[in-house]
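# Commentary on secondary and tertiary structure
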Amino acid sequence: MKIKREDVRNVAIIAHVDHGKTTLVDELLKQSGVFRENQEVQERVMDSNDIERERGITILSKNTAVSYKDVKINIIDTPGHADFGGEVERVLKMVNGVILVVDAFEGAMPQTKFVLRKALELDLDVIVCVNKIDRPEARPHEVVDEVLELLMDLEASDRQLDCPFLFASAKSGYALRDLNDTPQDMQPLFDTILTHIPAPEGDPDAGTQLLISTIDYNEYVGRIGVGKVDNGSISVNQDVMLVNDHDLTKKKKVKISKLYEFDGLNKIEVKEAGIGSIVAISGISDIHIGDTLCDPENPQPIPFQKISEPTIAMQFMVNDSPLAGQEGKFITSRHIRERLMRELNTDVSLRVEDTESPDCFKVSGRGELHLSVLIENMRREGYEFAVSKAEVLYKENDRGQLLEPMEIAFIDVPEEFSGSVIQKLSERKGELQGMSLASDGSTRLEFSIPARGLIGYRGEFMTATKGNGIMNTVFDEYGPYKGDIQYRKQGSLIAFESGESVTYGLFSAQDRGTLFIGPGEKVYAGMVIGQNGKAEDIELNVCKTKHLTNTRSSSADEALKLTPPRVLSLEQALEFIDKDELLEVTPDSLRIRKKILDARLRKRASK
């Protein structure tokens, strides 16, 4: 018999990028008394890894729990970027309701629609929290109407349409039921969670059933499965069967060696957990997302949706440039392969395949951001390797027609830049689907565009809109191939010989285009040192010094004025490289190079 467990609520926080999910979780933790009065707490305490903190984005979903009026509220903070959408889809299986956070100025954005659709499909209850109402240009009433329109578009049920709306400033730490109330604290939000999010239900007397929705990884204990107890209970030393709804051949008897529940930011060891509890389980080596732990007498897997397929791939390979092995700690194919396989432990949307060459691996992910975060993480851990240009993954339909992944791009730009953006995206096979005026007077464009048309476009977009444009993309579907796209109109400046760059050589090279390096840097033949102003590649000698004679002294060089080089970030370098180039990644440097370093062999290959 199913019963409700009233002392627990499970809720996920979903939103578009940068609408304040993680800051909201911070406040709920602070105001529920998780931290001591005088405890130093860093901002966005849930974003635990360095890259999340630097970029101000959430990459992995995180679990936490707070207590309010004797009820334990399990909260899951989810990512907002489309590249990490796979994370959001899975964790929603653990909760009974969601808090949809919407910026009081930006309103409903593409990713708001994506995450809300997922929640409505799972028939979850929704609380809408209009955040950042203390922004000077906030327009909370219009945003409420936008969200209601969105709920109708997504065919929400009457129950879901009747959801409560709260107004908040997560930064200032208050929530209001009505805009005319006096701001105090987050209590209205806590109360709404208790009254509006249903308590988890299940049959405590049935056999154990627990679906693994997330995997955590820890070097000491290995893989940790996180999931919600749907039926029965689970306890330490219990024998359970590991089964999977998508793979009916998988049946394995395992023992629960350690069991944890979440409390604030910590995991606490427990002996037993009942229905509705979100728990972490360690000690099962080959546990995967989508596995169900259940009673060996009656193993019934819980169905779950398939993880979104990757749409984009890169080759990761051993670095074989003349400067290889000088800066990284882990440089062999064995190191790189082990590290990529370890990433599969926690990242479900990633695929790693061996290729014909033992030194090269094909890595597929959800988008450029997804793969660039992996590259940055490996680089910081001391890995040295090379990567190729990102390419999209094609499919064929039954009629043998080539299909490619299509994206919907939403672009907000000041009106004077809209013409050039439309022209650029049309060249990249984008089709304008709609154009409207946003509330702040800027133009909102909606494009349907092949995913490959967006590769390498972000940097160009920021330049074209002088940093004032906002671009958001969401994967749409696989559609018919749209034809060839020309990516880069300019060629590369290539170093002619190996050595160290010298001011004199760079001075004559800078008239040809934009340099990426300054004096005193190691270069080798075939390394890309800049971007040519014209379409073809040019080879230059940047190591040459001036011949000295009685009448010319070496100090005459010092008067030469060099334009500061354009130093590319990882994203910019990945966007810049062309199909015949590689990016050499080491803990200290990013170097762009031609795949074929020898100029004669390169010419022969291009013919």
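Procedures and definitions
Residues numbered from 1 in each chain as written. Predicted model: local features only at pLDDT ≥ 70, side-chain atom pairs only at ≥ 80, totals over all residues. Heavy atoms only, no water. UniProt positions renumbered as here; feature names shortened; annotations may be inferred. Helix = DSSP H or I, 4+ residues; strand = E, 2+ residues; numbered from the N terminus. Buried < 20%, exposed > 50% of the residue type's maximum accessible area, 1.4 Å probe, protein only. Pairing = 2+ DSSP bridges. Contact = heavy atoms within 4.5 Å. Expected span 1.5 Å × (residues − 1). Arc of directions from axis to C-beta.

## Details of the UniProt feature "binding site: GTP" (unreviewed entry) in the chain
With numbering matched to this structure, UniProt assigns "binding site: GTP" (unreviewed entry) to Asp-18, His-19, Gly-20, Lys-21, Thr-22, Thr-23, Asn-131, Lys-132, Ile-133 and Asp-134. You can see Thr-23 is positioned in helix α1 (residues 21-31). Residue placement: Asp-134 occurs in the loop between β6 (125-131) and α5 (140-153).

## Concerning the pairing of strand β2 (residues 8-15)
Within β2, eight of the eight residues are buried, which leaves it mostly tucked inside the rest of the structure. With burial as the criterion, each face of β2 is covered, one bearing Val-8, Asn-10, Ala-12 and Ile-14 and the other bearing Arg-9, Val-11, Ile-13 and Ala-15. Direction of pairing for β2 relative to strand β4 (residues 71-77): parallel, over a ladder of six bridges. By the bridge assignment for β4, Ile-13 is matched with Asp-77.

## Let's talk about the environment of Leu-293
Relative to the elements of secondary structure, Leu-293 occurs in strand β19 (residues 291-294). Residue classification places Leu-293 among the buried residues on the basis of a relative accessible area of 0%. Sequence separation between Leu-293 and Ile-212 is 81 residues; the distance between their C-alpha atoms is 7.8 Å. Residue contacts for Leu-293: discarding those within four places in its chain leaves Thr-208, Gln-209, Leu-210, Ile-212, Ile-234, Val-240, Met-241, Leu-242, Val-254, Ile-256, Ile-281 and Ile-284.

## A look at the pairing of strand β21 (residues 351-354)
Pairing of β21 with strand β22 (residues 360-365) involves four bridges; the strand directions are antiparallel. Opposite Arg-351, over in β22, you have Ser-364 as the bridge partner. With antiparallel pairing between neighbouring strands as the criterion, β21 and β22 make up a hairpin whose turn holds five residues.

## Observations concerning α5
In this model, α5 (14 residues) spans 20 Å end to end at C-alpha, consistent with the 20 Å of a helix rising 1.5 Å per residue. Those residues of α5 lying buried are Pro-140, Val-143, Val-144, Val-147, Leu-150 and Leu-151. Looking straight down α5, one finds that the buried residues subtend no more than 120 degrees of arc, so they occupy a single side. Residues His-141, Glu-149, Met-152 and Asp-153 are exposed on α5 and point more than 90 degrees away from its buried face. Looking one or two residues past α5, Glu-155 carries a phi angle of roughly 55 degrees, positive in sign.

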